[in-house]
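Listed below, chain by chain, are the residues.
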Amino acid sequence: MSLADNLDSIQQRIRAACARAGRDPADVTLLAVAKNHPPETVRAAAELGLALFGENRVQEAKAKIPLCPDRLRWHMIGHLQSNKCRDAVHFFEMIQSVDSLALAQEINKSCDKAAKTMPVLLEVNIAGEGSKFGYSPAQLLAELAQINALPRLEIHGLMTIAPWTPEPEKVRPVFRRLRELKTQCEQILGAPLPHLSMGMSGDFEIAIEEGATLVRIGSALFGPRPRQDKKPD
Ligand SMILES: *Cc1c(COP(=O)(O)O)cnc(C)c1O
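Residues numbered from 1 in each chain as written. Predicted model: local features only at pLDDT ≥ 70, side-chain atom pairs only at ≥ 80, totals over all residues. Heavy atoms only, no water.

**Structural notes on the overall build of the protein chain**
Scanning the protein chain from N- to C-terminus turns up nine helices and eight strands. Over its C-alpha atoms the protein chain spans a radius of gyration of 17 Å, differing by no more than 12% from the 17 Å that the globule rule assigns to 233 residues. By its C-alpha atoms, the protein chain is 45 × 40 × 30 Å across when sized along the principal axes. Per-residue burial for the protein chain yields a buried fraction of 52% across its 233 residues. Looking at the protein chain alone, contacts between residues at least 24 apart form 60% of all its contacts between residues at least 6 apart. With an accessible surface of roughly 10,900 Å², the protein chain has 51% of that area assigned to carbon and sulfur atoms. Counting 29 positive and 28 negative side-chain charges, the protein chain places the centres of these two groups 3 Å from one another. (Helix = DSSP H or I, 4+ residues; strand = E, 2+ residues; numbered from the N terminus. Rg over C-alpha atoms; globule rule 2.2 N^0.38 Å. Buried < 20%, exposed > 50% of the residue type's maximum accessible area, 1.4 Å probe, protein only. Contact = heavy atoms within 4.5 Å. Areas by Shrake-Rupley, 256 points an atom, 1.4 Å probe, with all protein chains shown as cover. Lys, Arg positive; Asp, Glu negative; His and termini not counted. Charge placed at Lys NZ, Arg CZ, Asp CG, Glu CD.)

In structure tokens form, the structure reads like this:
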């Protein structure tokens, strides 16, 4: 399968999932996860019309983004360390992986120095998996007001990575819980949150049925990722 075929098939599946859920496909954005793929792959995807890309490591993004077409938009989707906030603020138009107040404060500081505002999503570890980053729902609700008070951050919604399973139907409750949690956050903040970033190659259709507005797709689009030996940063 070529990249164009993969993209066609994903777009068809997105439309079909929207139809099942009575949603407008224009409300679901495909974010292409380019991690471990070279700039040439990004360029090929951009030529097919993709405009939004995700990276999970700042070091890799820093090397790659300057070699990609200028008009593309980039989101940080991986765990961010405090000492990488400055670069993250420079390269990304959104950080989807805010998982602590301390990190939010560091991003706020870097934004202040750069005279920028950063849209963020708060990452939630719904299933409580030890191997994953993200807030527990209780911790998120406890820190929400303090994050919202940071002047350089704009909270745009929530993000989650569901547990891996060969039967995506099994993770539907995870997506549903994230949607409910967004409603709770909206009540606390007294303002609507536009985004639910949930759904990857194996489970994006279920995520869309449960309200995803951003689906982060890597392998279904680009094929298996080239191996990476480096530690995550
Ligand atoms: C790698 C990654 C994805 C994409 O995963 P695929 O299963 O290849 O689609 C999505 N979100 C995050 C946070 C990732 O790190």
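**Focus on the site of the ligand**
Contacts to the ligand come from V33, K35, I77, I161, M200, S201, R216, I217, G218, S219 and R225. The side chain of K35 places a nitrogen or oxygen atom 2.6 Å from an oxygen atom of the ligand. R216 places a polar side-chain atom, nitrogen or oxygen, 2.8 Å from a nitrogen atom of the ligand. Compared with its free state, where it exposes 390 Å², the ligand has 90% of that area covered by protein. (Near = heavy atom within 4 Å. Polar contact = N/O pair within 3.5 Å; in protein donor to acceptor, adjacent residues only side chain to side chain.)

**Here we look at the side chain of D87**
Here D87 lies in helix α4 (residues 85-91). With a relative accessible area of 18%, D87 lands in the buried category. The contacts of D87, once residues within four sequence positions are left out, are V58 and K62.

**Quick notes on the packing of helix α6 (residues 137-148) against helix α7 (residues 172-189)**
Closest axis-to-axis distance for the α6/α7 pair is 11 Å, and the angle between their directions is 35°. You can see that α6 and α7 cross each other, and the crossing is right-handed. In contact with P137, L140, L141, L144 and N148 of α6, α7 contributes R177, L181, Q184, C185, I188 and L189. Tallied by class, the residues present in the contact of α6 with α7 amount to eight nonpolar, two polar and one charged. (Axes fitted to C-alpha atoms, helices over the stretch in contact; angles between N-to-C directions. Left-handed = near helix turned anticlockwise from the far one by under 90°. Nonpolar A, V, L, I, M, F, W, Y, C, P; charged D, E, K, R; others polar.)

**A closer look at helix α2 (residues 39-47)**
Three or more residues of α2 are buried, namely P39, V42, A45 and A46. Down the axis of α2, the buried side of the element spans an arc of 120°, and every buried residue falls inside it. Check the buried side of α2 and you find it contacts α1 (3-21), β2 (52-55), α3 (58-64), β3 (73-76) and α9 (219-222). With its phi angle positive at about 105°, G49 sits one or two positions after the end of α2. (Arc of directions from axis to C-beta.)

**Quick look at the nonpolar core**
Counting residues in each nonpolar core, the largest one holds 68 residues, and the members touching the most others are F53 and I107. Core analysis: the second largest hydrophobic core is formed by eight residues, L52, I77, M94 and M159 among them. (Core = buried A, V, L, I, M, F, W, Y, C linked by side-chain atoms within 4.5 Å.)

**Section: the packing of aromatic side chains**
For any pair of aromatic rings, the description consists of the separation of the ring centres together with the inter-plane angle of the planes. What the rule picks out here adds up to one aromatic pair. Taken together, a centroid distance of 5.4 Å and an interplanar angle of 35° make the contact between F53 and W74 tilted. Linking F53 in strand β2 with W74 in strand β3, this pair joins segments that are 21 residues apart in sequence. (Phe/Tyr/Trp six-rings, centres within 6.5 Å; stacked < 30°, edge-to-face > 60°.)

**Overview of the pairing of strand β8 (residues 214-217)**
Strand residues, when the strand is regular, have side chains that alternate between the two faces of the sheet. A two-sided burial pattern is seen for β8, the buried positions comprising L214 and R216 on one face and V215 and I217 on the other. Both strand β1 (residues 29-33) and β8 contribute to a ladder of four bridges, which runs parallel. Along β8, the bridge assignment pairs L30 with V215. (Pairing = 2+ DSSP bridges.)

Coordinates in, geometry out; function isn't part of it.
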